[in-house]
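Structure at a glance
What follows is the residue order along each chain.
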Amino acid sequence: IRDSLRDVAPLLNLGVIVIEPHNARDAGILGSVSGVIASHGLSIRQAVSDDPYFVDEPRLTIVTDPGIPAELIHDLKRLPAVKGIAIY
């Protein structure tokens, strides 16, 4: 995606969370992930989701304010839809 902040986020002092879902076709993944992020007081600067009909391994990429706390990662991993997480 040309307008994605993911690649420049470190230069802008922003956090990047990449979510690997169990099933990207399930409803509510973005809503549950964004709710957990908001509960930790972080703003979402950008959210980009791959379309599961066009991408073999779709991901949800979230660009946030800096300072992603370890507890946030733990809480995201507890979501039923989340299979894996990467932080950049």
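Our subject in this report is the structure included herewith. Being a predicted model, the structure only gives us computed values, none of them experimental.

Examining the pattern of salt bridges
Summed over all chains, the structure comprises 3 salt bridges. Here Arg-59 and Glu-57 are joined by a salt bridge, their closest N and O atoms 3.3 Å apart. Take Glu-57: its relative accessible area is 56%, and that puts it in the exposed class.

Focus: the nonpolar core
Ranked by internal contacts, the top residues of the largest apolar core, which has 14 residues, are Ile-17, Ile-19, Val-33, Ile-37, Leu-72 and Leu-76. Breaking this core down by element, the ones donating at least two residues are β1 (15–21), α1 (29–39), β3 (60–64) and α2 (70–77). For this core, the leading source of residues is α1, giving 4 residues. Membership of the second largest hydrophobic core comes to 5 residues, among which are Ala-9, Val-16, Val-18 and Val-63.

Parameters at a glance
- Residues numbered from 1 in each chain as written.
- Predicted model: local features only at pLDDT ≥ 70, side-chain atom pairs only at ≥ 80, totals over all residues.
- Heavy atoms only, no water.
- Salt bridge = Lys/Arg side-chain N within 4 Å of Asp/Glu carboxyl O.
- Buried < 20%, exposed > 50% of the residue type's maximum accessible area, 1.4 Å probe, protein only.
- Core = buried A, V, L, I, M, F, W, Y, C linked by side-chain atoms within 4.5 Å.
- Helix = DSSP H or I, 4+ residues; strand = E, 2+ residues; numbered from the N terminus.

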